[in-house]
There are 2 protein chains.
Amino acid sequence: MSSFSVTPPRSTSVSTGPLAGSRRTWLAGPGGDLRVPMREVMLSTGASVVLYDTSGPYTDPDVEIDVRRGLPLLRAGWLAARGDTAASGGRGARRASAGSEAVTQLAYARRGEITREMEFVAVREGLPAEVVRAEIAAGRAVLPANVNHPELEPMAIGRAFLVKINANLGNSAVTSSIEEEVEKMVWATRWGADAVMDLSTGADIHRTREWILRNAPVPVGTVPIYEALEQVGGRPEELTWEIYRDTVIRQCEQGVDYMTVHAGVLLRYVPLTARRRTGIVSRGGSILAAWCLAHHEENFLYTHFTELCEVLAAYDVTFSLGDGLRPGSISDANDEAQLAELATLGELTQIAWEHDVQVMVEGPGHVPLHRVEENVRLQREICHDAPFYTLGPLTTDIAPGYDHITSAIGAAVIGWHGTAMLCYVTPKEHLGLPDRDDVKAGVIAYKIAAHAADLAKGHPGARAWDDALSDARFEFRWEDQFHLALDPDTARAYHDETLPAPAAKSAHFCSMCGPHFCSMKLSHQVRAQSGTTGDETAGDDMATEVIEDGLRAKAEEFTAGGNRLYLPLA
Amino acid sequence: MSSFSVTPPRSTSVSTGPLAGSRRTWLAGPGGDLRVPMREVMLSTGASVVLYDTSGPYTDPDVEIDVRRGLPLLRAGWLAARGDTAASGGRGARRASAGSEAVTQLAYARRGEITREMEFVAVREGLPAEVVRAEIAAGRAVLPANVNHPELEPMAIGRAFLVKINANLGNSAVTSSIEEEVEKMVWATRWGADAVMDLSTGADIHRTREWILRNAPVPVGTVPIYEALEQVGGRPEELTWEIYRDTVIRQCEQGVDYMTVHAGVLLRYVPLTARRRTGIVSRGGSILAAWCLAHHEENFLYTHFTELCEVLAAYDVTFSLGDGLRPGSISDANDEAQLAELATLGELTQIAWEHDVQVMVEGPGHVPLHRVEENVRLQREICHDAPFYTLGPLTTDIAPGYDHITSAIGAAVIGWHGTAMLCYVTPKEHLGLPDRDDVKAGVIAYKIAAHAADLAKGHPGARAWDDALSDARFEFRWEDQFHLALDPDTARAYHDETLPAPAAKSAHFCSMCGPHFCSMKLSHQVRAQSGTTGDETAGDDMATEVIEDGLRAKAEEFTAGGNRLYLPLA
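Residues numbered from 1 in each chain as written. Chains lettered and ligands numbered in written order. Predicted model: local features only at pLDDT ≥ 70, side-chain atom pairs only at ≥ 80, totals over all residues. Heavy atoms only, no water.

Observations regarding the overall build of chain A
Each helix and strand in chain A was counted, giving 20 helices and 15 strands. Counting only carbon and sulfur atoms, one obtains 50% of the accessible surface of chain A, whose full area is about 17,900 Å². (Helix = DSSP H or I, 4+ residues; strand = E, 2+ residues; numbered from the N terminus. Areas by Shrake-Rupley, 256 points an atom, 1.4 Å probe, with all protein chains shown as cover.)

Side note on the sheet that holds strand β3 (residues 48-51) of chain A
All names here are of chain A. Taking strand neighbours across the sheet as the criterion, the 3 strands line up as β1-β2-β3 in an open arrangement whose pairing is antiparallel. Taken across any chain shown, the strands that pair with only one partner, and hence form the sheet edges, are β1 (22-28) and β3. Adjacent strand axes in the sheet meet at a mean angle of 40° when their direction is disregarded. Sheet topology note: the strand β2 (residues 35-42)/β3 ladder contains 4 bridges and is antiparallel. For M42, the partnering residue across the bridge sits in β3 and is S48. Sitting on the sheet, helix α3 (residues 116-125) touches β1 and β2, and the angle it makes with β2 is about 15°. (Pairing = 2+ DSSP bridges. Axes fitted to C-alpha atoms, helices over the stretch in contact; angles between N-to-C directions. Contact = heavy atoms within 4.5 Å.)

Let's talk about the confidence of the model for chain A
Residue and element names in this part refer to chain A. With 84% of its residues at a pLDDT of 70 or more, chain A shows a mean pLDDT of 88. The model gives residues 1-5 a pLDDT under 50, and that stretch makes 17 contacts with residues more than four places away or in other chains. Scored as a complex, the prediction yields pTM 0.91 and ipTM 0.91. (pLDDT = per-residue confidence, 0-100.)

What about the sheet that holds strand β14 (residues 388-391) of chain A?
One key point about sheets: their strands pair by backbone hydrogen bonds, in either a parallel or an antiparallel sense. All names here are of chain A. The parallel closed barrel is built from 8 strands, whose spatial order is β8-β9-β10-β11-β12-β13-β14-β15. Across the sheet, the mean angle separating the axes of adjacent strands is 25° when strand polarity is ignored. When strand β8 (residues 164-169) meets strand β15 (residues 421-423), the two strands line up parallel, connected through 3 bridges. In the sheet register, I165 faces β15, and the bridge partner there is L422.

As for the packing of helix α7 (residues 224-231) of chain A against helix α9 (residues 283-295) of chain A
Residues and elements named next belong to chain A. α9 packs onto α7 with a crossing angle of 50° between their chain directions and a minimal axis gap of 9 Å. Between α7 and α9, the interaxial angle falls into the category oblique. The interaxial crossing formed by α7 with α9 has left-handed handedness. Residue-level contacts link I225, Y226 and L229 of α7 to R283, G284, I287 and L288 of α9. (Parallel < 35°, antiparallel > 145°, perpendicular 65-115°, else oblique. Left-handed = near helix turned anticlockwise from the far one by under 90°.)

Overview of helix α18 (residues 488-498) of chain B
The set of residues buried in α18 of chain B consists of P488, T490, A491, H495 and T498 of chain B. Buried residues along α18 of chain B sit in contact with β2 (35-42), α15 (436-457) and α17 (478-484) of chain B. (Buried < 20%, exposed > 50% of the residue type's maximum accessible area, 1.4 Å probe, protein only.)

Considering the pattern of salt bridges
All names here are of chain A. What the rule picks out here adds up to 77 salt bridges over all chains. Of the charged contacts, one joins R110 and D356 as a salt bridge, the two residues approaching to 2.7 Å between their closest N and O atoms. On the criterion of sequence distance, the pair formed by R110 in helix α2 (residues 105-110) and D356 in the loop between α12 (336-354) and β13 (359-363) is long-range, its members being 246 residues apart. When its relative accessible area of 40% is taken as the criterion, R110 is described as partly exposed. (Salt bridge = Lys/Arg side-chain N within 4 Å of Asp/Glu carboxyl O.)

Some words on the environment of H262 of chain A
Residue and element names in this part refer to chain A. Residue placement: H262 occurs in the loop between β11 (258-261) and α9. C-alpha of H262 to C-alpha of E310: the two residues are 48 residues apart in sequence and 17 Å apart in space. The residues contacting H262, other than those within four sequence positions of it, are V223, S282, G284, G285, L288, N299, L301, G322, D323 and G324. Within the structure, H262 has its side chain in polar contact with the side chain of S282 (distance 3.5 Å). (Polar contact = N/O pair within 3.5 Å; in protein donor to acceptor, adjacent residues only side chain to side chain.)

Describing the packing of helix α14 (residues 403-416) of chain B against α15 of chain B
Residues and elements named next belong to chain B. Contact geometry for α14 and α15: axes closest at 8 Å, N-to-C directions at 25°. Put simply, α14 runs roughly parallel to α15. As for how α14 packs across α15, the hand of that crossing is right-handed. Residue-level contacts link H404, S407, A408, A411, A412, G415 and W416 of α14 to A441, A445, Y446, A449, A452, A453, A456 and K457 of α15. Broken down by class, the residue content of the contact of α14 with α15 amounts to 11 nonpolar, 3 polar and 1 charged. (Nonpolar A, V, L, I, M, F, W, Y, C, P; charged D, E, K, R; others polar.)

Considerations on the packing of aromatic side chains
Geometry of an aromatic ring pair is reported as the spacing of the ring centres plus the angle between the planes. Residues and elements named next belong to chain A. Evaluated as defined, the whole model comprises 16 aromatic pairs over all chains. Between the aromatic rings of Y258 and Y389, the centroid separation amounts to 6.5 Å while the plane-to-plane angle is 80°, which identifies the pairing as edge-to-face. One end of the pair, Y258, is in strand β11; the other, Y389, is in strand β14, with 131 residues separating them in the sequence. Each member of the pair Y258 and Y389 is classed as buried. Within the aromatic cluster, the residues linked to one another by ring pairs are W241, Y244, W291 and F300. (Phe/Tyr/Trp six-rings, centres within 6.5 Å; stacked < 30°, edge-to-face > 60°.)

Side note on the environment of D435 of chain A
With respect to the helices and strands, D435 of chain A occurs in the loop between β15 and α15 (436-457). For the pair D435 of chain A and L169 of chain A, spaced 266 residues apart in sequence, the C-alpha separation works out to 9.5 Å. Those residues in contact with D435 of chain A that sit more than four places away from it in its chain are K184 and K428 of chain A together with E497 of chain B. Polar side-chain contacts of D435 of chain A include one of 2.9 Å to the backbone nitrogen of D438 of chain A.

Comments concerning the nonpolar core
Residues Y244, L312 and F319 of chain A together with Y244, L312 and F319 of chain B are the most contacted members of the largest nonpolar core, which totals 309 residues. L312 of chain B has contacts with V248, C252, M259, V317, T318, F319 and V357 of chain B, leaving out every residue within four places of it along the chain. (Core = buried A, V, L, I, M, F, W, Y, C linked by side-chain atoms within 4.5 Å.)

Thoughts on the side chain of E125 of chain B
Residues and elements named next belong to chain B. As for its placement among the helices and strands, E125 is situated in helix α3 (residues 116-125). Owing to a relative accessible area of 5%, E125 belongs among the buried residues under this scheme. Excluding residues within four positions of it along the chain, E125 makes contact with Y52, A156, F161, L162, K164 and H459.

Next comes the structure, spelled out in structure tokens:
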């Protein structure tokens, strides 16, 4: 990108190379010229398992990574071929050409056009491209893809697709550096983050974001009010629509794919938070509330929302309608303030759609388990089935230090009920800023939640991964079990703590039971005795009878063979 | 206990002292002579929060801990006062006196008697003692309390009570030592384990268990078939009812409070597992299946079940009816083998109740989220509302190394739907034996799941903990937030990584936003402007109007005051 002229970070090393036992592979698109990257786990049996891959070119040994140059421009040709955007202004960024029809994926989908981005998504998701188009056209899914983010490997967020996860990154005035943030982005996508938000504050916001964008294979989101506030020295009352708009335009030109906009924090809702246990906990929400109070005027994001739509439409930036009044504690869950704002978000969703702008809607936060489903139901009704994007939710407040777990519980359940993207929470939530290890812990916990939700939703193909891993476990293929794990490195390390010897990797027992007590081994005996394999499925009742006869006939054989449950170790 | 004559372990140091910011306190029972220990978290405001406490005398600085002597005999006087047990045999253990009525808590409850154990539980749970008695009498709850475990601080397991968690301990032939297992028990209860199971295998089973029991303030469970198998050199086909019975009696005499008995693994169910993806994964289940196959006879635990009831009744040992055919993968969840065994467990539940023996029923294992509730519904129907005790369940198979999380998700949901006790899973599940850190990780994950379930069930009083922590968070009382955390040490350590200075502990900002962006600070401003406190609840609509008027009147004040959202740091 021509705007990629900021000073490079001091350190430019990032995590590269495939995950243990995997390689980057490609599926062909319908035309044959589309190559869609996937993660292929190579098994010791000669078979392989192909999984959705968020890691980008970093896991491809054939791509030379240089963060100072940025990633290859996968979408550049597609964008050029459409011919409906042009470079504008001094910074050389693209936007919709004057007089062109709307350039958003929503507009294309509504016009019946299947874009290359949609084709890419269809191959990744294993669904027909027409399904992708139809979901986007109906507003039930978004495909966040700024025309100024050609490095993006397109993905979709919607309940018909795999549940996605977002990882928040960002330095703050207190700590962190650009170098760390770029590596955190690479690291987060390596472990499965489908999208990242750069929530940086402080002096280097623009530069940090530039480096992240030029190196991000996933959509990048921001909360523009943070940068706008920097422009006015951190004094919310000095914010103006014009300052905010100019900030948004700069970010649109940079390539930000989705933006959190707290346009639902209305002046009249602010008093509803006064009697809450934990008030307003959204940073953006509190900034807008402060502005409203200081001026005693309506939120300028609300009053200028149609103008904002026009800006975002020109770059195909997706709205993430922020829940500035989300509850910050179990006590405040599903309260009047939250639901009042949700009603406004529903109104804004329709306005955005009128301008062909893609929309997703943010949700809580902190919710006890029995009220999680209600959040999805209300959001769907009120926001016309726009994709739901929730932070957690945390299902209890009592475990700071473990909020990746308190919230993975809520995330799995809300994903099952239809939330399309889950914003991760790290172990440092409420306590500090996440480091690299925390980012990984948060991503893994949320991949678990998302996959548990996919299984519960019955997403076609989701269970193949579980089945492959369970087969490896049952057949004592330890290496395959590690390689199929969400985190192969940790799985192997934990195994090796107890049984480090290489021979144990192929041993027909494991450290839980030792060589003399292996229940899985017995199961193989049962299967052998009954003359069936695990793959047989036909004629259940009859098969059972046959097996029983077989067992009776073979009982003596079992005893004659020495009644050995466990084969001697090689 | 007179049987406490085994060789002491080499190392006798265990974790003692209160959790940071807490002290052991006591609630008085109805008669005034009952002292029920609780954990009192002392807040900087002068207030305190009283929580259920599983840690036993180890967190009481006034008790001198000597693991070679064992814990004080809390129940000795109660048992003696009842006068219905007597020492028997050479080992000096107590059992029901000849000619006495049944000595189980179930029998007492059915006779309308509220025991001291029930009173103790009532105070701990904050419920009337009559509720405790009635739940036990109906079989909906158990109070596992062997007459030979006088060190026990009684607890109850049932859906009317707080959801409990069990931690599995135990060395194996491969690794671990007695010393480590005793410390793991102390460590597990320190962080919240309500019960522990000693699953040791190998030569030192009896001695390990003795040391755990004499030092355990919580119920201790076992799987006697493991020790019986040791008696026959690890050859399942050589097991007999007599060998098993004698093993059980020794364990009853030692003080084991509940025993997993796989009496539902019937010969005719074994072939149902042949076409499973992962066969039989229960160690006990596989041992019994092997026996059934070798002899082609019905499981001796099933054919001798009434005799087993008579043994357990004499010591008030609680059945934990094992699910030997539980699924070992998502693929096998809720299958025919599992449900066939469940039907038998329902039959056995009633037989045990006819013998006044307390019963809980074990459950899976691996279950996708959308089939979790079905497990509880079927278990309740088929097993006549006997308490359900589940292992997890894991909601996906793809994350070895993180199965404390995959299963905490399932555990929270199954607990919400009525499971009474959750058996923890550690990060080492499927990979190795848990060390001390893994035990803590498993316990914390399961305390989160249990508490999330308590909140969702609406257990009276459960939310007070969340509210206290959220209040501390909103009021920037960092020390209180740490002390109220499930794990105060980790919460503090994570905070200190980002902001180590002592001043930051009282700072009115935190490391997530830095001093200039604090959303919570704004909320205080809103509350101050509107002239309300978080505690006001009356007249919502009118109050809102008053607040809005107040806001309008005070908007100028806000601006006149410099529009400061954030007070200068002291």
